[in-house]
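What follows is each chain in one-letter form.
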Amino acid sequence: MIPRIDAKALIDPNDPGHANARAAAVTGAADIGFLTVYNTPISARTVRDVIETYRAFFHLPAGQKAAYDMAQTGSNRGWGAQGSEQVDPSANPDYKQVFDCGLPVAEHAPLAALNLPAYAPNIWPDQPAGFAETLPAYYRDTVAFALDLLCAIADAVGEDGAYFRDKFSHPMALLRGNFYPERPAWATDKDFGIATHTDYGCLTLLATDGSAGLEVRKRGGGWIPVAAPPGEFVINFGEMLEMWTAKRIVATPHRVIGTDAERISVPLFFNPNHDADVSPKGGDPIMAVDHLQKRFNETYVHLKDAVNPKD
Ligand SMILES: O=C(O)CCC(=O)C(=O)O
Ligand SMILES: [Fe+2]
């Protein structure tokens, strides 16, 4: 069973439900690698708004989205077409589309000067109206919520929660809209909305439209479906946090096969500062930006082709 946790009780040490919420968080983070949260500071209405904003963009004709295509622009921000990412080398590239944005680096000149793809300036399409207002506001609010959750969960598993706080002062956090059209008629057993993978970063705060689709791999084999309505979130943990905590917190594989209904999900991949050392205590240093870029190079089809040309 994936625990469903009162977010306020988990974050607030004075809440009467704090001890219970912490215990459930330990099960979620240390055993399963997934949990869901309710009673969050992000309203259902806000999440519905964000989802409909992405939907309006994804429904634009491909020709209009092409101007923002990461494979063309080379930026780490903007649109990823169907087939632009292959998260599992033994599966075909995913049939989802994505749109990515991140930290507003224009407000952080020293970060922009680093010239790292993880701190690329955001790219905002002209349409739909409101895109460039709705998403930055959601980004700001979810980054703050994700940090509170991460510190509380780290603390619950026996790490020093406060230690993590300043490692996220300029996070390489990436906000993504995932668009799953209905499962294509041509899809084979090697085709997925998103094939089996673990997330790369620390904590993923996933909003969905409430529909089914996401499945979590069980330790003993088999898959468990997980869903959360708008305003509630699915939380899972990525490779960096698994390394950083020496597996006190686990990164669990998951996938979306897809159904005959369109589906939108909105993960915030809460990655730390570029120079955070995410190695376990006593290990050789691993810079967060190096791990992230390595995983981008392994999954984005246009980056793979650049590193490993086919002809
Ligand atoms: O769409 C979902 O529910 C999950 C998406 C996901 O796993 C991802 O984007 O990493
Ligand atoms: Fe994922």
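Residues numbered from 1 in each chain as written. Chains lettered and ligands numbered in written order. Predicted model: local features only at pLDDT ≥ 70, side-chain atom pairs only at ≥ 80, totals over all residues.

Rules: UniProt positions are given in the numbering used here, feature names are shortened, and annotations may be inferred rather than shown by experiment.
Naming follows an unreviewed UniProt entry, where the protein chain appears as 2-oxoglutarate-dependent ethylene/succinate-forming enzyme of Yoonia ponticola. The UniProt entry for the protein chain carries this comment under Cofactor (unreviewed entry): "Fe(2+)". As stated in UniProt under Sequence similarities (unreviewed entry), the record for the protein chain gives "Belongs to the iron/ascorbate-dependent oxidoreductase family."

## What about the overall build of the protein chain?
The line we're drawing: A helix here means a DSSP run of H or I that spans at least four residues, while a strand means a run of E at least two residues long, and both kinds are numbered starting from the N terminus. As a reference, a globule follows 2.2 Å times the number of residues to the power 0.38, and the radius of gyration itself is taken over C-alpha atoms. For the exposure call, what matters is how many other C-beta atoms sit within 10 Å of a residue's own: 20 or more marks it buried, 12 or fewer exposed, and in between partly exposed, using C-beta atoms placed from the backbone. C-beta atoms are placed from the backbone for every residue, and two residues are taken to be in contact when these atoms lie within 7 Å.
Helices and strands together make up the secondary structure of the protein chain, namely 11 helices and 12 strands. Whereas a compact globule of 311 residues would reach a radius of gyration of roughly 19 Å, the protein chain reaches 18 Å, a difference of no more than 12%. Of all 311 residues assigned to the protein chain, the portion counted as buried reaches 43%. A separation threshold of at least 6 residues defines the contact pool for the protein chain, and within that pool the share at least 24 residues apart is 71%.

## Here's the deal with the environment of Thr-259
Within the secondary structure layout, Thr-259 lies in the loop between strand S11 (254-256) and strand S12 (263-270). The exposure class assigned to Thr-259 is partly exposed, which follows from the 14 C-beta atoms found within 10 Å. The spacing of Thr-259 and Gly-213 is 46 residues in sequence and 7.2 Å in space, taken between C-alpha atoms. Here Thr-259 is in contact with Arg-183 and Gly-213, once residues within four sequence places are set aside.

## Examining the UniProt feature "domain: Fe2OG dioxygenase" (unreviewed entry) in the protein chain
Taking the UniProt record as the reference, the feature "domain: Fe2OG dioxygenase" (unreviewed entry) is found at residues 170-272. Helix makes up 6% of residues 170-272 and strand 39%, with an end-to-end C-alpha separation of 7 Å.

## Comments concerning the site of ligand 1
Test applied: We call a residue near a molecule or strand when its C-beta atom, built from the backbone, sits within 6 Å of it. Throughout, the ten residues Ala, Val, Leu, Ile, Met, Phe, Trp, Tyr, Cys and Pro are labelled nonpolar, Asp, Glu, Lys and Arg are labelled charged, and all others, Gly among them, are labelled polar.
Around ligand 1, the structure places Asn-178, Ile-194, Asp-199, Leu-206, Thr-208, Gly-213, Leu-214, His-254, Val-256, Ser-265 and Pro-267. Those elements giving two or more residues to the shell around ligand 1 turn out to be strand S7 (203-208), S11 and S12. Among the residues forming the shell around ligand 1, the class breakdown is 5 nonpolar, 5 polar and 1 charged.

## Overview of the sheet that holds strand S10 (residues 233-237)
The criterion, for reference: Note on pairing: DSSP must find at least two bridges between two strands before they are called paired. Under this scheme, a helix contributes an axis fitted over its contacting stretch, all axes are lines through C-alpha atoms, and angles between N-to-C directions fall in the 0 to 180 degree range.
Spatial strand order, S1-S2-S10-S7-S12-S5-S4-S3: 8 strands in an open sheet with mixed pairing. Where the open sheet ends on each side, the last strands, each with one partner, are strand S1 (4-6) and strand S3 (78-80). Between one strand axis and the next, the sheet turns through 25° on average, direction left out of account. Bridge count between strand S5 (residues 174-180) and S12: 5 bridges; the pairing is antiparallel. The residue of S12 that forms the bridge with Leu-175 is Leu-268. Helix-sheet contacts for helix H7 (residues 131-156) involve strand S4 (97-101), S5, S7, S10 and S12, and the interaxial angle to S7 is about 130°.

## So, the pairing of strand S8 (residues 214-217)
Here S8 pairs with S11 via 3 bridges, running antiparallel. Within S11, the residue paired with Glu-215 across the bridge is Arg-255. In terms of strand pairing, S8 meets strand S9 (residues 223-225) through 3 bridges, oriented antiparallel. The residue bridging Glu-215 from the neighbouring strand is Pro-225, located in S9. Linking S8 to S9, which pair antiparallel, is a turn of 5 residues; within it Gly-221 sits at a positive phi near 100°.

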